[in-house]
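# Structural features, examined
Residues per chain are reported as follows:
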Amino acid sequence: MHCPECGFENAEGANFCQSCGHSLAAATQVHKSSSTTATYRVGETGELIPVDVEELATHGHAALIIRQGGNRVGESFPLERERSSIGRRPDAEVFLDDVTVSRDHALVVRRGGDFYLDDLGSLNGTYVNRNRIESHRLADGDELQIGKYKLSFLQR
């Protein structure tokens, strides 16, 4: 991310410019609201199938989309079940294959009409909007961090 004050290239997610100390919060908000990501899902034979985000997160459903980490940016996971597991276990609904992710890291649970993210006692923790959580009611646009992965929660 470029600093609007001095133009220095800062690391993604930085709050202040490393060169001049200028706040990057305003630039981050503009960047988030104007950015787009092509999304896809992986088919049974490994092919990438394009997904329309608006269609993915409608009709009471929600989705998680990888925004950073593991060369999988844009991969999407529809949350169609009452419970969706997140972890390094290969049969997890959201499989994140990295040592920074616990085998059974977190769980997305539908309670009523809301979705909650519950940490399952993971070693590195589960974060929503940069705050460590044990359980958190998710809102459209929340940023989840699980290990080295950053995901967006979408619900329309």
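Residues numbered from 1 in each chain as written. Predicted model: local features only at pLDDT ≥ 70, side-chain atom pairs only at ≥ 80, totals over all residues. Heavy atoms only, no water.

## Notes on the environment of A139
Put simply, the rule reads: Numbered from the N terminus, helices here are DSSP runs of H or I no shorter than four residues, and strands are runs of E no shorter than two.
Its location among the elements puts A139 in the loop between β11 (135–137) and β12 (143–146). For the pair A139 and R156, spaced 17 residues apart in sequence, the C-alpha to C-alpha distance is 9.7 Å.

## What about the confidence of the model for the protein?
Inclusion rule: A residue's pLDDT is the confidence the predictor assigns to it, expressed on a 0 to 100 scale. Contacts: residue pairs with any heavy atoms within 4.5 Å of one another.
On average, residues of the protein score 82 in pLDDT, and 76% of them are at 70 or above. This stretch, residues 27–35, has a pLDDT under 50; its non-local contacts, to residues over four places away or in other chains, come to five contacts.

## Structural notes on the side chain of S152
Put simply, the test is: Each residue is placed in one exposure class: buried if its accessible area under a 1.4 Å probe, protein chains only, is under 20% of its type's maximum, exposed if it is over 50%, and partly exposed if it falls in between. Here a polar contact means two N or O atoms within 3.5 Å. Within protein one must be a hydrogen donor candidate and the other an acceptor candidate, and residues neighboring in sequence count only if both atoms are side-chain atoms.
Along the chain, the position of S152 falls in strand β13 (residues 149–155). Overall, S152 belongs to the buried group, its relative accessible area being 11%. For S152, the side chain forms a polar contact with the side chain of R67, separated by 3.0 Å. S152 has contacts with A63, L64, I65, R67 and D142, leaving out every residue within four places of it along the chain.

## Some words on the packing of aromatic side chains
We count it as follows: Stacked, edge-to-face and tilted are the three classes for Phe, Tyr and Trp ring pairs, Trp counted by its six-membered ring, which pair at centre distances within 6.5 Å; planes under 30 degrees apart are stacked, over 60 edge-to-face, the rest tilted. Only Lys NZ and Arg CZ are tested; either one counts as a charge over a ring when it is within 6 Å of the ring centre and within 35 degrees of the ring normal.
Applying the stated criterion across every chain yields a total of one aromatic pair. The lysine or arginine in question, R111, covers the ring of Y116, its NZ or CZ lying 4.7 Å from the ring centre.

## Looking at the nonpolar core
Side chains that are nonpolar tend, in soluble globular proteins, to be buried together. Worth spelling out the cut-off: We call a set of buried Ala, Val, Leu, Ile, Met, Phe, Trp, Tyr and Cys residues a nonpolar core when their side-chain atoms join them within 4.5 Å.
Residues L64, I86, L96, L117 and L151 are the most contacted members of the largest nonpolar core, which totals 21 residues. Contributions of two or more residues to this core are made by β3 (62–68), β4 (76–79), β7 (106–111), β8 (114–119), β12 and β13. The residues touching L64, leaving out its near neighbours within four places in the chain, are E75, S76, F77, L79, I86, V94, V108, L144, L151, S152 and F153. With five residues, the next largest nonpolar core counts C3, A14, C17 and L24 among its residues.

## What to know about the sheet that holds β7
Keep this limit in mind: We treat two strands as partners when DSSP finds at least two bridges between them.
With respect to topology, five strands assemble into an open sheet ordered β6-β5-β7-β8-β11, the strand pairing being mixed. Only two strands of the sheet have a single partner each, and these edge strands are β6 (94–95) and β11. Pairing between β7 and β8: six bridges, direction antiparallel. Residue pairing across strands places V108 opposite L117, the latter belonging to β8.

## Quick word on the side chain of D118
Considering the arrangement of structural elements, one finds D118 in strand β8. Only 2.5 Å separates the side chain of D118 from the side chain of R111, close enough to count as a polar contact. Not counting the four nearest positions on each side in its chain, D118 is found in contact with H105, A106, L107, V109, R111, E134, S135 and H136.

## Brief notes about the pattern of salt bridges
Defined as follows: We define a salt bridge as a contact between a side-chain nitrogen of Lys or Arg and a carboxyl oxygen of Asp or Glu at a distance within 4 Å.
Counted under the stated rule, the structure contains six salt bridges. One salt bridge connects E75 with R72, and the closest N-O pair in it is separated by 2.7 Å. A salt bridge links D104 to R89, with the nearest nitrogen and oxygen atoms 2.8 Å apart. Taken together, the positions of D104 in the loop between β6 and β7 and R89 in the loop between β5 (83–87) and β6 put the pair 15 residues apart, joining distant regions of the chain. Overall, the relative accessible area of 30% leaves R89 in the partly exposed class.

## Digging into the sheet that holds β13
The test is simple: Where helices are involved, their axes are fitted lines through C-alpha atoms of the stretch in contact, as for all axes, and angles between N-to-C directions lie from 0 to 180°.
Strand order in the open sheet made by the six strands is β4-β3-β13-β12-β9-β10, with antiparallel pairing throughout. Of all strands in the sheet, those bounded by a partner on one side alone are β4 and β10 (131–133). Each strand of the sheet is rotated relative to its neighbour by a mean of 30°, with strand direction disregarded. Bridging between strand β9 (residues 126–128) and β10 involves three bridges; their strand directions are antiparallel. Across the sheet, the residue bridging to Y127 is R132, located in β10.

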